[in-house]
Amino acid sequence: MKHFLFLHEFYTSCAMIKLIIYQSQKFKKETIMHILIIEDEEQLCRSMAEGLRMDGYETDTCFDGEEGLELCMTENYDLILLDLNLPDGSGYDFLKTCRSQSDIPVLMLTANDLEINEVIGFELGANDYVTKPFVPMELLARVHAQLRRHLRYQQLLEQKQEVEDILGRIQG
Ligand code: CA
């Protein structure tokens with residue numbers, strides 16, 4: 001009986017290791033991330049999109065929160081760059097609606113400390129922020145950090161589910 005239990009644990013561990021290797025390979029193949037940029041300063045919007053594309057990301061751009069919400073309904077984004085200070089004030093609405101529906105990482109593009117206080121202090125739900133003007137490297141570093149964190153979280157959830165499925169099959 002002891003031997004059987006040992007073997008059972010051994011095979012379970014092997015299954016988990018195989019699963020983790022499989023997941024990390026799958027992750028490497030499928031990591032073209034899709035980023036939505038909502039920013040009304042066209043020049044800045046274009047240059048951010050270009051920088052992110054050169055870094056291997058797919059990007060969509062729009063100039064207000066309403067269009068951003070419409071895009072979010074049809075596309076599956078991995079991260080959103082959001083300028084809160086949009087001419088029609090729709091950045092706030094976007095963030096509130098977005099947060100009530102999804103845990104996608106949102107990186108704010110803020111113009112000053114007052115905005116940062118509103119975003120972070122009042123817990124509108126942004127994950128991080130960059131204050132304008134920023135250098136491209138700073139933006140990329142923050143994008144990478146948010147995506148890594150979010151992916152790790154999603155992978156852990158998936159792995160947990162698959163391990164539970166495997167254990168269910170072994171035990172059942
Ligand atoms: Ca703006």
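Everything that follows concerns the structure shown earlier in this document.
Notes on the structure follow. (Residues numbered from 1 in each chain as written. Predicted model: local features only at pLDDT ≥ 70, side-chain atom pairs only at ≥ 80, totals over all residues. Heavy atoms only, no water.)

### Observations regarding the pairing of strand 5 (residues 128–131)
By the alternation rule, side chains of strand 5 split into Asp128 and Val130, which are all buried, and Tyr129 and Thr131, of which none is buried. Note: strand 4 (residues 106–110) against strand 5, four bridges, orientation parallel. Across the sheet, residue Met108 finds its bridge partner in strand 5, namely Tyr129. (Buried < 20%, exposed > 50% of the residue type's maximum accessible area, 1.4 Å probe, protein only. Helix = DSSP H or I, 4+ residues; strand = E, 2+ residues; numbered from the N terminus. Pairing = 2+ DSSP bridges.)

### Let's talk about the coordination of the calcium ion
The calcium ion binds to the protein through Asp40 (OD), Asp83 (OD) and Asn85 (O), with metal-donor distances spanning 2.2 to 2.5 Å. Sequence positions of the donors to the calcium ion reduce to the motif D-x42-D-x1-N. Linking Asp40 in the loop between strand 1 (34–38) and helix 2 (42–54) with Asn85 in the loop between strand 3 (79–83) and helix 4 (90–101), this pair joins segments that are 45 residues apart in sequence. Its relative accessible area of 27% is what places Asp40 among the partly exposed residues. Residue Asn85 is classed as partly exposed on the basis of its relative accessible area, which comes to 48%. (Donors = N, O, S within 2.8 Å, 3.2 Å for Na, K, Ca; no water.)

### A short note on the sheet that holds strand 3
Taking strand neighbours across the sheet as the criterion, the five strands line up as 2-1-3-4-5 in an open arrangement whose pairing is parallel. Strands at the two margins of the open sheet, each flanked by one partner only, are strand 2 (58–62) and strand 5. Averaged over all neighbouring strand pairs, the angle between strand axes comes to 20°, with direction disregarded. Where strand 1 and strand 3 come together, four bridges link them in parallel fashion. When the bridges of strand 3 are listed, Ile35 appears paired with Leu79. Relative to strand 2, helix 2 is tilted by about 170°, and along the sheet it contacts strand 1, strand 2, strand 3 and strand 4. Set on the sheet, helix 6 (residues 136–171) makes contact with strand 1, strand 3, strand 4 and strand 5; between it and strand 5 the angle comes to about 175°. (Axes fitted to C-alpha atoms, helices over the stretch in contact; angles between N-to-C directions. Contact = heavy atoms within 4.5 Å.)

### Concerning helix 3 (residues 65–74)
Taken as a whole, helix 3 has its buried residues at Gly65, Gly68 and Leu71. Projection of helix 3 onto a plane perpendicular to its axis shows the buried side chains occupying an angular sector of 115°, all on one side. Facing away from the buried side of helix 3, by more than 90 degrees, are the exposed residues Glu66, Glu70, Met73 and Thr74. Of the surrounding elements, those touching the buried residues of helix 3 are strand 1, strand 2 and helix 4. The N-cap of helix 3, judged by a side-chain oxygen 3.1 Å from the amide nitrogen of Glu66 a few residues on, is Asp64. (Arc of directions from axis to C-beta. Polar contact = N/O pair within 3.5 Å; in protein donor to acceptor, adjacent residues only side chain to side chain.)

### A word on the state of the cysteines
Counting across every chain of the model gives zero disulfides. Lacking any disulfide linkage, Cys98 is separated from the closest cysteine sulfur, that of Cys72, by 5.7 Å. (Disulfide = S-S within 2.5 Å.)

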